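Here is what each chain is made of, one letter per residue.
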Amino acid sequence: MKNGLEDYYVIRGNKKMRFGYTTGSCAAAACKGAAEILLGGVMQKAVTLMTPKGILLTLELKDIRIEGNQVTCAIQKDAGDDPDTTNGILVYATVQKTKEPGIILDGGVGVGRVTKAGLSQKIGEAAINPVPKAMILREATEIAEKYDYEGGLKIIISVPEGVEIAKKTFNPRLGIVGGISILGTSGIVEPMSEAALVQSINVEMKQHFSQGEEYLLVTPGNYGADYLREHMDLPYEKNIKCSNYVGETIDMAIDMGVKGILFIAHIGKFVKVAAGIMNTHSRWADCRMELISAHAALHGADRKTIEALMQAAKTAYGSFFARCARLLRQNPAAQGKEICQKALAEEKGSTWLHEELRKVDPESAEAIHENNVKRVIRALEFYRLTGKRISEHN
């Protein structure tokens, strides 16, 4: 069966990637199908659903169950080519007649419950986001009007696999327990959508801010999060992961009225921010060692040091960065060139540094043992600053 998305796709990484539809669309379509069978009295195999994006879906109804004054059916989620943990799951809607007029909507098994303030739903409510909620209620209302039904309806959305899947989502961090959220602002899943990722960061930031956190703790990746947990006396549970979206995180914080952000990140990623690169993914820019080398040059590093720094990008820049940071912590007043030399000595070994001295001042190299790194560096610096050998000066 064609679902209406056959002609919708995006190109990512030179690949054609199919669109899909959200859990919100699944819930609304399942509700429409169940309500149609319950109030119309005619079995349905599929339903059509107009999404907020303006794309008309045709979705097959599955696992239809008719039990007295209620009907249950499901829609299978198709995330297209998006790596979505909910792809393939069944989203159920049970629609039941009630004597009291009005429509009641709630979550059942596998739909999370909100336990913290700051989300679109109140504490204790099912994690059904505003747009899916409106879609579900709209479909139920239209079917009731179609059959002139004046009684009430109770709608329960459930996702049997949701309890386990939720453990792989942001929900535990947001205080949503017991299942997944019913999501989707457009009703359509766009593969590898950055907008969806940024929105998830925004939701978490808003929640922290609403709980009185005027200064946010942000870790772009696992290195920063691990460092926070293992080495810092700060509340790990309050950290927000922003991935590569540093600029968006700052913009959203300003918009919310956040007073400040403490970013805890791997220097290999965050050095890019020093150049104003606000998305740290390598496809946007990868100029880590170029930036370090430029700043080393501004602090007096010579050509050989700069060349060695650039070479470090091809070997073990991470350990080199770590050494620079440690050496600078030990001696905050040190010059950049001294830090670079010492870090390179640790990176490549004292033998390498001693051989560098031997190339320009063989006599000093004979007189200074290679393990005396401080004296070797001093001799190299003397030569590079004056153009003379320290052995001649002595």
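Structure shown above.
Residues numbered from 1 in each chain as written. Predicted model: local features only at pLDDT ≥ 70, side-chain atom pairs only at ≥ 80, totals over all residues. Heavy atoms only, no water.

Asks: Provide a residue-level description of the nonpolar core, including the pertinent values.
Replies: Ile75, Val95, Ile128, Ile136, Ile155 and Ile157 are the most contacted members of the largest nonpolar core, which totals 47 residues. Listed by contribution, the elements that provide at least two residues to this core are helix H1 (23–40), strand E4 (46–50), strand E5 (56–60), strand E7 (70–76), strand E8 (90–98), helix H2 (130–146) and strand E12 (152–158). In this structure, Val95 is in contact with Cys31, Ala34, Ala35, Leu38, Asn69, Gln70, Val71, Leu153, Lys154 and Ile155, ignoring residues within four places of it in sequence. Core analysis: the second largest hydrophobic core is formed by 15 residues, Val218, Ile240, Tyr245 and Met256 among them. (Core = buried A, V, L, I, M, F, W, Y, C linked by side-chain atoms within 4.5 Å. Buried < 20%, exposed > 50% of the residue type's maximum accessible area, 1.4 Å probe, protein only. Helix = DSSP H or I, 4+ residues; strand = E, 2+ residues; numbered from the N terminus. Contact = heavy atoms within 4.5 Å.)

Asks: Which residues make up the environment of Leu234, and what values go with them?
Replies: Assignment of secondary structure puts Leu234 in the loop between helix H6 (222–231) and strand E17 (239–241). A relative accessible area of 33% places Leu234 in the partly exposed class. With 17 residues separating them in the primary sequence, Leu234 and Leu217 have C-alpha atoms 8.9 Å apart. Residues in contact with Leu234, not counting those within four places in the same chain, are Leu217, Leu228, Leu262 and Ile264.

Asks: Now, about H2: what can you tell me, with residues and values included?
Replies: Compared with an ideal rise of 1.5 Å per residue, which puts 17 residues at 24 Å, H2 spans 24 Å between its outermost C-alpha atoms and is within 8% of the ideal. On the buried face of H2, the contacting elements are H1, E4, strand E9 (102–107) and E12. Of the residues one or two after H2, Asp148 is the one with positive phi, at around 55°. (Expected span 1.5 Å × (residues − 1).)

Asks: Outline the packing of helix H5 (residues 194–210) against helix H7 (residues 246–256), listing residues and values.
Replies: At a minimum axis distance of 10 Å, the contact between H5 and H7 shows a crossing angle of 40°. Compared by their axis directions, H5 and H7 come out oblique. Considering only the axes of H5 and H7, their crossing is right-handed. For the pair H5 and H7, the contacting residues are Val198, Ile201, Asn202, Met205, Lys206 and Phe209 in the first and Glu248, Thr249, Met252, Ala253 and Met256 in the second. Here the residues of the contact of H5 with H7 are counted per class, giving seven nonpolar, two polar and two charged. (Axes fitted to C-alpha atoms, helices over the stretch in contact; angles between N-to-C directions. Parallel < 35°, antiparallel > 145°, perpendicular 65-115°, else oblique. Left-handed = near helix turned anticlockwise from the far one by under 90°. Nonpolar A, V, L, I, M, F, W, Y, C, P; charged D, E, K, R; others polar.)

Asks: Talk me through the pairing of E5; I want residue IDs and the actual numbers.
Replies: Alternating residues of E5 divide into Leu57 and Leu59, all buried, and Leu56, Thr58 and Glu60, none buried. Relative to E5, E4 runs antiparallel, the two sharing five bridges. When the sheet's bridge partners are listed, Ala46 is paired in E5 with Glu60. Here E4 folds back onto E5 in antiparallel fashion, the turn holding five residues, of which Gly54 has a positive phi close to 90°. (Pairing = 2+ DSSP bridges.)

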